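Structural features, examined
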Amino acid sequence: MTIPDFVAELRRHMGTAPLWLAGATAVIRDATGHQILLVRRADNGWWTPVTGIVDPGEHPAHTAQREAREEAGVRIRVDRLASLGVSRMITHANGDRAQYIDHTFACTHLDGDPHPADDENTDVRWFPVDDLPDMPPHMLARIDAGLADEERTRLATETETATDTAGGVPG
């Protein structure tokens, strides 16, 4: 998993102390709305929507677009903020601790052949919305929010334990 330069710089000063970071999740539908794009993470093998850390000064919606391009080689349109939530405290494999405010966006695929475009994922695939692979409950909740076509943003809370260990970003 690639650590953003600004996080590496913070870690030089803070060690493994907990950081509060902003993250973005892109729930990407195909043009028909019947399939969503998922990536298989290299660090833990989970299938998830595209996720990533918001860079300093970057709008979270732009993060979703950037991460879709960097991780899956696709260009997307961000349609709406589907949910806003706070992750549990995560201890990464290297001992770094972080908690994330996640911005989950409902997105539409515009173009590009999905493929693992960086070393963060081993596979990228379209899945029917009614036949998703096994994944953590908090990711299923993000997908549900992204597919719901609701007018209002969901305020989500994650129900996993407060000290789970995970290898990914954002948890």
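Counting from 1, residues in each chain are numbered in the order their sequence is written. Owing to the predicted nature of the model, reporting of local features is limited to residues with pLDDT of at least 70; listing and counting of side-chain atom pairs is limited to 80 or more, with chain, interface and lining totals taken over all residues. The basis for every side-chain value is the complete set of heavy atoms in the structure, and neither hydrogens nor water enter the calculation.

**Observations concerning the overall build of the protein**
Each helix corresponds to a stretch of at least 4 residues labelled H or I by DSSP, and each strand to a stretch of at least 2 residues labelled E; elements are numbered beginning at the N terminus. Within the protein, the secondary structure is distributed over 3 helices and 9 strands. Both definitions apply: the radius of gyration is a C-alpha atom measure, and the globule rule equals 2.2 Å times residues to the power 0.38. For the protein, whose C-alpha radius of gyration is 15 Å, the value lies close to the compact-globule estimate of 16 Å for 171 residues. Expressed as lengths along the three principal axes of its C-alpha atoms, the size of the protein is roughly 45 × 30 × 30 Å. Exposure is judged per residue with a 1.4 Å probe applied to protein chains only, and the accessible area is read against the type maximum: over 50% gives exposed, under 20% gives buried, and values in between give partly exposed. With 171 residues in all, the protein has 45% of them scored as buried. For the protein, the proportion of contacts with a sequence separation of at least 24, taken over those separated by at least 6, is 74%. Accessible area of the protein: about 8,300 Å², with a carbon and sulfur share of 52%. Considering the protein, the positive charge centre built from 16 side chains and the negative charge centre built from 28 side chains are found 3 Å apart. Only heavy atoms matter for contacts: two residues are in contact if any of them lie within 4.5 Å across the pair. Under the convention used here, a 1.4 Å probe and the Shrake-Rupley method define accessible areas, while residue burial counts only the protein chains that appear. We score Asp and Glu as negative and Lys and Arg as positive, and we do not count His or the chain ends. Working definition for charges: the position is that of NZ of Lys, CZ of Arg, CG of Asp or CD of Glu.

**Focus: unusual backbone geometry**
For aspartate 149, which is not glycine, the phi torsion reads 55° and is therefore positive. Here aspartate 149 is to be found in the loop between α3 (137-147) and β9 (154-157).

**A look at the side chain of histidine 103**
You can see histidine 103 is positioned in strand β7 (residues 97-111). Histidine 103 sits in the buried class, given a relative accessible area of 14%. Here a polar contact means two N or O atoms within 3.5 Å. Within protein one must be a hydrogen donor candidate and the other an acceptor candidate, and residues neighboring in sequence count only if both atoms are side-chain atoms. Reaching out from histidine 103, the side chain makes a polar contact with the backbone oxygen of glycine 23 at a distance of 2.9 Å.

**Remarks on the nonpolar core**
What is meant by a nonpolar core is a set of buried Ala, Val, Leu, Ile, Met, Phe, Trp, Tyr and Cys residues, joined one to another through side-chain atoms within 4.5 Å. In this structure, Ala26, Ile28 and Ile76 are the most contacted members of the largest nonpolar core, which totals 15 residues. Secondary-structure elements contributing two or more residues to this core are β1 (19-29), β2 (35-41), α2 (60-72) and β7. The element that contributes the greatest number of residues to this core is α2, accounting for 4 residues. Sequence-distant contacts of alanine 26, defined by excluding residues within four places in its chain, comprise Pro49, Val50, Ala64, Ile76, Phe105 and Cys107.

**Concerning the pairing of strand β5 (residues 75-86)**
Should DSSP find at least two bridges between two strands, the strands are regarded as paired. Looking at chain direction, β5 and β7 are connected through 10 bridges and run antiparallel. The partner of leucine 84 across the bridge, within β7, is histidine 103. Summarising the sheet, β5 and β9 pair through 4 bridges and their orientation is parallel. Its bridge partner lying in β9, serine 83 is registered against arginine 154.

**A word on the pattern of salt bridges**
What makes a salt bridge here is a side-chain nitrogen of Lys or Arg within 4 Å of a carboxyl oxygen of Asp or Glu, nothing more. Using the criterion set out here, one finds 14 salt bridges in the structure. Across the pair glutamate 67 and arginine 66 runs a salt bridge whose closest N-O atoms are separated by 3.0 Å. A relative accessible area of 13% means that arginine 66 is categorised as buried. When salt bridges with common partners are traced through the structure, they connect Asp55, Glu58, Arg66, Glu67 and Glu70 into a single cluster.

**Some thoughts on the environment of aspartate 144**
As for its placement among the helices and strands, aspartate 144 is situated in helix α3. With a relative accessible area of 44%, aspartate 144 lands in the partly exposed category. As a C-alpha pair, aspartate 144 and valine 27 span 117 residues in sequence and 9.0 Å in three-dimensional space.

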